[in-house]
Amino acid sequence: MPVELQLALKARQLGKLANPVARLYRSVAKEIPRVLTIYDIDMPEVEARKAVRAHFAKNAHIKDDRVLDMLVEKGYMDLEETLLQHKQRSHLLRTLDGYVDQSGANRKILGKDATFDEVFNRI
């Protein structure tokens, strides 16, 4: 028997309950503070919620029940993979509407006129 993700299995079992999209949104919104802490993302919760809301709004025009069920199940799978840390920090940052922390890779780049203190602090 193949291993299945528990949240996706739960979504499949819930079936046609009242508004599964809203249930998924509440589940994701509830986990935002935890995800930001786990992945050490310096982003306000308000911005993260806006990014999540934008992802939901991007698919708001879809009316086909089969497609909605697939998207809801995929959303639960994505949430569980995020909580189990199967993603890297950069993947999650890209998911949050292209939010990129520029200080990460650029903090070690020094110019030719770098002082001793800048070289020392780089390490």
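Refer to the preceding data block for the structure.
Residues numbered from 1 in each chain as written. Predicted model: local features only at pLDDT ≥ 70, side-chain atom pairs only at ≥ 80, totals over all residues. Heavy atoms only, no water.

A.B. asks: Before we go on, may I ask you to explain the overall build of the protein in this structure?
C.D. replies: Looking only at helices and strands, the protein features seven helices and zero strands. Counting from the amino terminus, the protein carries its helices and strands in the arrangement α-α-α-α-α-α-α. Expressed as a percentage of its 123 residues, the buried residues of the protein come to 22%. Of the contacts made within the protein by residues no fewer than 6 positions apart, 71% connect residues no fewer than 24 positions apart. Accessible area of the protein: about 9,200 Å², with a carbon and sulfur share of 56%. (Helix = DSSP H or I, 4+ residues; strand = E, 2+ residues; numbered from the N terminus. Buried < 20%, exposed > 50% of the residue type's maximum accessible area, 1.4 Å probe, protein only. Contact = heavy atoms within 4.5 Å. Areas by Shrake-Rupley, 256 points an atom, 1.4 Å probe, with all protein chains shown as cover.)

A.B. asks: Please clarify how helix 2 (residues 20-38) should be interpreted in this entry.
C.D. replies: Since the α-helix packs 3.6 residues into each turn, any two residues three or four apart lie on the same face. Between its first and last C-alpha atoms helix 2 spans 26 Å; for 19 residues at 1.5 Å apiece the expected length is 27 Å, and the two agree. Where helix 2 is concerned, the buried positions are Leu24, Val28, Ala29, Glu31, Ile32, Val35 and Leu36. With its phi angle positive at about 55°, Asp40 sits one or two positions after the end of helix 2. (Expected span 1.5 Å × (residues − 1).)

A.B. asks: Looking at this structure, how should I read the pattern of salt bridges?
C.D. replies: Opposite charge on two side chains permits pairing when their charged atoms draw close. In this structure the tally under the stated criterion is four salt bridges. A salt bridge links Lys87 to Asp78; the nearest nitrogen and oxygen atoms lie 2.7 Å apart. For Lys87, a relative accessible area of 15% corresponds to the buried category. Classification of Asp78 by relative accessible area gives partly exposed; the value is 32%. (Salt bridge = Lys/Arg side-chain N within 4 Å of Asp/Glu carboxyl O.)

A.B. asks: Looking at this structure, I do not really get the side chain of Lys87. What am I missing?
C.D. replies: Tracing the chain through its elements places Lys87 in the loop between helix 4 (65-83) and helix 5 (89-95). In this structure the side chain of Lys87 is engaged in a polar contact, spanning 2.7 Å, whose partner is the side chain of Asp78. Not counting the four nearest positions on each side in its chain, Lys87 is found in contact with Tyr39, Asp78, Glu81, Thr82 and Thr95. (Polar contact = N/O pair within 3.5 Å; in protein donor to acceptor, adjacent residues only side chain to side chain.)

A.B. asks: Just checking my understanding: could you explain the packing of helix 2 against helix 4 for this structure?
C.D. replies: Each pair of packed helices can be summarised by the angle the axes make with each other and by the distance between the axes. One way to put it is that helix 2 packs onto helix 4 with a least axis distance of 10 Å and a crossing angle of 15°. Taken as axis vectors, helix 2 and helix 4 run roughly parallel relative to one another. The hand of the helix 2/helix 4 crossing is left-handed. Across the interface between the two elements, Pro20, Val21, Arg23, Leu24, Ser27, Val28, Glu31, Arg34, Val35 and Ile38 of helix 2 pack against Leu68, Leu71, Val72, Gly75, Tyr76, Leu79, Thr82 and Leu83 of helix 4. Class assignment for the residues of the contact of helix 2 with helix 4 results in 12 nonpolar, three polar and three charged. (Axes fitted to C-alpha atoms, helices over the stretch in contact; angles between N-to-C directions. Parallel < 35°, antiparallel > 145°, perpendicular 65-115°, else oblique. Left-handed = near helix turned anticlockwise from the far one by under 90°. Nonpolar A, V, L, I, M, F, W, Y, C, P; charged D, E, K, R; others polar.)

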